[in-house]
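Spelled out from the first residue to the last, the chains are:
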Amino acid sequence: MNIREYLKDHVVYLDGGMGTLLQQRGLAPGEYPELWNLSHPEVIVDIHKAYFDAGSNIVCTNTFGANPLKFSYDQLKEIITAAVNNAKAAAVASCGKQEKFVALDIGPSGKLLKPYGDLDFEDAVTLFSKVVKIGSECGVDLVYIETFSDSYETKAALLAAKENCNLPVFVSNAYGEDGKLMTGASPEVMVAMIEGMGADAVGANCSVGPDKLVQVAKRLYESCSLPVLIKPNAGLPKGLCGETVYDVSPDAFSDVMQEIIKNYCRIVGGCCGTTPDYIKSLCDKTASFSPVPIKENYKTVVTSYAKTVVWGENPVLIGERINPTGKKRFKQALIDNDISYILNEGVNQQEKGVHILDVNVGIPDIDEKKVLTTAICELQAVTDLPLQIDTSSPDAMEMALRRYNGKAMINSVNGKIGSMEKIFPLVKKYGGVVVALTLDETGIPDSAQGRIDIAKRILEKAHEYGISKKDIIFDTLAMTVSADSKAPGETLAALRYIKNEMGCHTSLGVSNVSFGLPSRDAVNSTFFAMALENGLSAAIMNPYSLEMMKTYHAFCALHGLDENCASYIDFMSSVQSVVQPVISQLPTVQVPAGSEDMSPLKKAIIRGMKDDAKVSTKALLNDMAALDIVNQEIIPALDEVGKGYENKSVYLPQLLMSAEAAKSAFECIKEKVDSSKEPSAKKGDFVIATVHGDIHDIGKNIVKLLLENYGFAVHDLGRDVPPQVIVDEVVKTKTRLVGLSALMTTTVPAMEETIKILRTEAPWCKIVVGGAVLTREYADSIGADKYAKDAMETVRYAEKIISEK
């Protein structure tokens, strides 16, 4: 029986932690756990066997950190082959009578993907593809992608698995106590993307104990149509007599997990700190449980990396301005490769209140495939709105979909056989909600019935590709009323039938109706109101049109979609005051008082607009001293975004893009300072490193970027750095501040060893530690001066220490 068949009728038990058990067996600080597949196979087999004996159905190979960034290809092949053989040997040797499977375990690369980091998306796909190919050739039963904290890297790993094997794929992410990934994705965002791409199960693991994952499990279950997986830690780690221990016992762990299995999850196990005793207790207490039903979720959802738009709640506004049709300035920006113009158009529409941005760059004489992909990636760096990818080129569509972070809207498919044969495979592979135009080889039918017939044929064809009708949005095509006075009525009749009788959502390019007429806004807004009354789900529209926005807000208020008419009142108040709308502080930062007078540089940094920040800085340097620009413009802007990050209204991508914009400004200032005698803004030195044995440098690189923007000279020693190398650099530079990072439980001993040597050879320095496996109590137990839960807390601490000098 394969795992897909077994999962239909059973609760599936995973294994528990590996790292802490290897430490108990003698894994040295800084030593790679994956190498024990070769050097200590009997230990690995024994641990796997203990999990099978405890009741695990699935054991994960000891390959969490096995990837080409860490090992050569020959080493990688040898390690993965040995790891799979060890797990298979354990299954044979186990006394357990249950069904047994071996999962290829794939952990994150340790790198942050562009534009926030230095790893390209396609390089990440290639990296994971090598692991998948080796593992599948070795005969594993499934692929298990786990502990990913970035939605984009998750997509790269899932795409690698789907493109390189036909095995079942389980995907599990690491959610924080706020119920989000490090880069801001919610459970609903991850479900939309992962389910859309065809994974077999979706879930959460690591980071926190089972009690903290109950709500995550609930949200996963309520938003998806897949089995849900939960694999919590044994609570929080702490140091005790030189060992790492966790604060949740096997009995307490399994008590909480009972509730999770009863209500939400079919696939359960343990992560850091859990042992075979935890799995045995879990299996014993839930042996009689029936698997929770898997319910079909009929919600139509599109997402960015951090935001969901659910169709059917309020009407959806899709901003139409990123489109060259009838826009000379936009066409010129495309020809000149002026990406800043496109980005500003996107951010400005977000500030006007749209929910999704349509992105179309189709003009002759440009490489549309390249330009569209660049526009999609750059827009996702400065806005968290979902995007509608709008192109008639299947090649351009595929490249943009491949690089899109989330579940995109796809504009469009139509009733032509050739169109459906080209677009539906892309929808199936990459996920997405596709706009279906009700036209076919004969053109656009004059009658509503003709468009309805095409819509039905499109649904039938989509079903053949395994695409649900929830992922089809029908556009019944608004035609020009000046050419045919009956055309709007036929459009609305088709729309009404498709919405009410076929149960599908609808979209219209509203402004087409008024082409060739004077005072087009009056016609557009009236037709918009008529369409909304007939069941229109979304409109592609101009958010700068005051009449269109009035219609939208009035409709929501009159239909009970705007509690206490609050949005309508706010909108009309902003219209009646002469003050122009101001920056939205990236997706969700509160607009500060006085922001209507915000300088172009502050605005550019808060928006994360690198090119605008550079232009504004050069202009300011003509009239302001470099140090004044830093203290009066750059640092206050960074502080504003930093506060949003600290209170969870801004997430990591926005923080990093603001930091990159500030970095661009600093580069201009550095040029001026280097060529003059103006003082620099350097505050002090800071040595930073990821500890020995750990190749994950995402957290370290984020801290480095922010510290540099706040004026610190950062000595970055890289990753997998031996303790003495760190100590020698601190002694050499006489720095007062050291930052140490670790992601894995197996590398915390190397952090502790580094701290001990620092206390002896550099007693003057303050030591800041951070990483997913650490807590404040744990940091205290290994002798650190400060535990920083995130990058901004490190910056605040560093500034405090420097100010005490």
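Below is a short write-up of the structure. (Residues numbered from 1 in each chain as written. Predicted model: local features only at pLDDT ≥ 70, side-chain atom pairs only at ≥ 80, totals over all residues. Heavy atoms only, no water.)

### Observations concerning unusual backbone geometry
In step 1: Looking along the chain, the bond that leaves Lys114 and enters Pro115 is cis, with omega of 10°.
In step 2: Position of Pro115 relative to the elements: it lies in the loop between β3 (101-106) and α6 (121-137).
In step 3: Positive phi, normally seen in glycine, also occurs at Asp365, with a value near 70°.
In step 4: When its relative accessible area of 83% is taken as the criterion, Asp365 is described as exposed.
In step 5: We note that Lys648 has phi near 70°; this positive angle belongs to a residue other than glycine.
In step 6: As for its position among the elements, Lys648 is in the loop between α24 (626-646) and α25 (652-674).
In step 7: Note on Lys648: relative accessible area 42%, which makes it partly exposed. (Helix = DSSP H or I, 4+ residues; strand = E, 2+ residues; numbered from the N terminus. Buried < 20%, exposed > 50% of the residue type's maximum accessible area, 1.4 Å probe, protein only.)

### Focus: the side chain of Thr438
In step 1: The topology assignment puts Thr438 in the loop between β17 (433-437) and α17 (448-464).
In step 2: In this structure Thr438 comes out as buried when scored by relative accessible area, which is 0%.
In step 3: Within the structure, Thr438 has its side chain in polar contact with the backbone oxygen of Asp475 (distance 3.2 Å).
In step 4: If we ignore the near neighbours within four places in the chain, the residues touching Thr438 are Ile444, Pro445, Arg451, Ile454, Ala455, Phe474, Asp475, Thr476, Leu477 and Ile498. (Polar contact = N/O pair within 3.5 Å; in protein donor to acceptor, adjacent residues only side chain to side chain. Contact = heavy atoms within 4.5 Å.)

### What to know about the packing of helix α5 (residues 73-93) against α6
In step 1: Running from N to C, α5 and α6 cross one another at 40°; their axes reach a closest spacing of 9 Å. The angle between the axes of α5 and α6 places the two elements in the oblique class. Of the two possible hands of crossing, α5 and α6 adopt the one that is right-handed. Where α5 approaches α6, its residues Tyr73, Leu76, Lys77, Ile80 and Thr81 are matched on the opposing element by Val131, Ile134 and Gly135.
In step 2: Considering only residue class, the contact of α5 with α6 consists of five nonpolar, two polar and one charged. (Axes fitted to C-alpha atoms, helices over the stretch in contact; angles between N-to-C directions. Parallel < 35°, antiparallel > 145°, perpendicular 65-115°, else oblique. Left-handed = near helix turned anticlockwise from the far one by under 90°. Nonpolar A, V, L, I, M, F, W, Y, C, P; charged D, E, K, R; others polar.)

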